Amino acid sequence: MKAVTTSPPPTAALVDVVLPCLDEAEALPWVLARIPAGWRAIVVDNGSTDGSAEVASALGATVVREERRGFGAACHAGLLAATADLVCFCDCDASLDPSLLVPFVEEVRAGGADMVLGRRRPQGRGSWPAHARAGNLALSLLLRRRTGLTLRDLGPLRAVRRAPLLALGLTDRRSGYPLEMVVRAADAGWRVVEHDVPYLPRSGASKVTGTWQAVRDMSRVLRDTPPDRRERTATGGTR
């Protein structure tokens, strides 16, 4: 079902920030207050029952409603709603500060990378449970074997140009979406880099069951996306 935008976008946003949202009313004020000036927040409500969409709209965000449940469905609906040349993605649970995207955007804009990812570094107890770290490590190793990229995280904080990302033709609409983005980018010869970012304890209830679903979805992406043997220039690194 087609996503529906319920608030009009402002004109000529410098950067669009896609914020997939499922019951994040508590976190939204903190997250939206940290969107850089001149950037547009696109909150994609994926079936919230806590009034998240209304909170986001009242705080000035563009709200897109995506009825098909799934992290990938929400992210892609936000991407389709974006109009800026540069698009960022960030979780909406206050675990990541969207203002940290500023140097990511500048690196892409300056031509230093085609995609920049945030490597999450836990800050405090409970910010990144052991089971989630273990699943992420296993997927990172599989990704390295599949693409040659030496990334150590598949985190949701990322910056990229909108048109080339759309041209990758991403098809996953569940938790495999972030990994498919990196796999297809690597196959297309993109320069992919990562930089450390602080990872805070999330606001609200934890979505623990979603971790294992994400691992299954991402494993399926690696299994079902055949390697492209074109020469790659993608790199991994930290600053």
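Residues numbered from 1 in each chain as written. Predicted model: local features only at pLDDT ≥ 70, side-chain atom pairs only at ≥ 80, totals over all residues. Heavy atoms only, no water.

Draft legend 1. Representation of the overall build of the protein chain within the structure. A tally of regular secondary structure across the protein chain gives eight helices and eight strands. Considering only intrachain contacts with a sequence separation of at least 6, the fraction spanning at least 24 residues in the protein chain is 79%. With an accessible surface of roughly 10600 Å², the protein chain has 55% of that area assigned to carbon and sulfur atoms. (Helix = DSSP H or I, 4+ residues; strand = E, 2+ residues; numbered from the N terminus. Contact = heavy atoms within 4.5 Å. Areas by Shrake-Rupley, 256 points an atom, 1.4 Å probe, with all protein chains shown as cover.)

Draft legend 2. Representation of the packing of aromatic side chains in the model. Applying the stated criterion across every chain yields a total of zero aromatic pairs. Over the face of the ring belonging to Tyr 199 we find Arg 120, whose NZ or CZ atom lies 5.2 Å from the ring centre. (Phe/Tyr/Trp six-rings, centres within 6.5 Å; stacked < 30°, edge-to-face > 60°. Lys NZ or Arg CZ within 6 Å of the ring centre and 35° of its normal.)

Draft legend 3. How the structure looks around the nonpolar core. With 33 residues, the main nonpolar core has Val 17, Leu 19, Leu 32, Trp 39, Val 43, Cys 88 and Leu 101 as its most contacted residues. If you list the elements that add at least two residues to this core, you get strand E2 (15-21), helix H1 (28-33), strand E3 (40-45), helix H2 (52-58), strand E5 (86-89), helix H4 (101-109) and strand E8 (192-199). When sequence neighbours within four positions are dropped, the list of residues in contact with Leu 19 reads Val 31, Leu 32, Ile 35, Ala 41, Ile 42, Val 43, Val 44, Cys 90, Asp 91 and Cys 92. Counting 32 residues, the second largest nonpolar core, distinct from the first, contains Val 44, Val 64, Ala 82 and Val 183. (Core = buried A, V, L, I, M, F, W, Y, C linked by side-chain atoms within 4.5 Å. Buried < 20%, exposed > 50% of the residue type's maximum accessible area, 1.4 Å probe, protein only.)

Draft legend 4. Structural detail: empty space enclosed by the protein. Across all of its chains, the model carries one cavity of 30 Å³ or more by this definition. What the largest cavity holds in volume is close to 50 Å³. Surrounding the largest cavity, Phe 71, Cys 75, Phe 89, Pro 156, Arg 158, Tyr 177, Pro 178 and Met 181 form its lining. When residues of the lining of the largest cavity are traced back to their parent elements, those giving at least two are helix H3 (71-81) and helix H7 (177-187). Top element by residues in the lining of the largest cavity is H7. It accounts for three residues. Per-class residue counts for the lining of the largest cavity are seven nonpolar, no polar and one charged. (1 Å grid on protein atoms, 1.4 Å probe; cavity = no way out; pocket = protein on both sides within 12 Å on 5 of 7 lines; lining within 4 Å. Points joined across faces, edges and corners; volume = space filled by probe spheres on them. Nonpolar A, V, L, I, M, F, W, Y, C, P; charged D, E, K, R; others polar.)

Draft legend 5. View of the pattern of salt bridges. One pass over the structure, following the stated rule, counts 12 salt bridges. For the salt bridge of Arg 161 with Asp 85, the shortest nitrogen-to-oxygen distance reads 2.1 Å. With a gap of 76 residues between them, Arg 161 in strand E7 (residues 158-161) and Asp 85 in the loop between H3 and E5 connect regions that are remote in the sequence. Given a relative accessible area of 25%, Arg 161 falls into the partly exposed group. (Salt bridge = Lys/Arg side-chain N within 4 Å of Asp/Glu carboxyl O.)

Draft legend 6. Broad picture of the side chain of His 195. In this structure, His 195 sits in strand E8. Within the structure, His 195 has its side chain in polar contact with the side chain of Glu 107 (distance 2.7 Å). (Polar contact = N/O pair within 3.5 Å; in protein donor to acceptor, adjacent residues only side chain to side chain.)

Draft legend 7. Representation of H4. Three or more residues of H4 are buried, namely Leu 101, Phe 104, Val 105, Glu 107 and Val 108. Along H4, the residues classed as buried sweep out an arc of 160 degrees about the axis, all on the same side. Positioned one or two residues after H4, Gly 111 has a phi angle of 85 degrees, which is positive. (Arc of directions from axis to C-beta.)

Draft legend 8. Region of the structure containing H7. The buried count for H7 comes to 10 of 11 residues, which makes it a mostly enclosed element. Of the residues making up H7, those classed as buried are Tyr 177, Pro 178, Leu 179, Glu 180, Met 181, Val 182, Val 183, Ala 185, Ala 186 and Asp 187. Directly after H7, the chain includes Gly 189, whose backbone phi takes a positive value near 85 degrees.

Draft legend 9. Up close: unusual backbone geometry. Not every positive phi belongs to a glycine, and Asp 23 is a case in point at roughly 55 degrees. Position of Asp 23 among the secondary structure elements: in the loop between E2 and H1. Notably, Ala 94 is not glycine yet its phi reads approximately 70 degrees, a positive angle. Among the secondary structure elements, Ala 94 is positioned in the loop between E5 and H4.

Draft legend 10. Spatial organisation of the state of the cysteines. Per the stated rule, a full pass over the model turns up zero disulfides. The thiol of Cys 21 is not disulfide-bonded; the next cysteine sulfur, from Cys 92, is found 4.4 Å away. Under the relative-accessibility criterion, Cys 21 is labelled buried at 2%. (Disulfide = S-S within 2.5 Å.)

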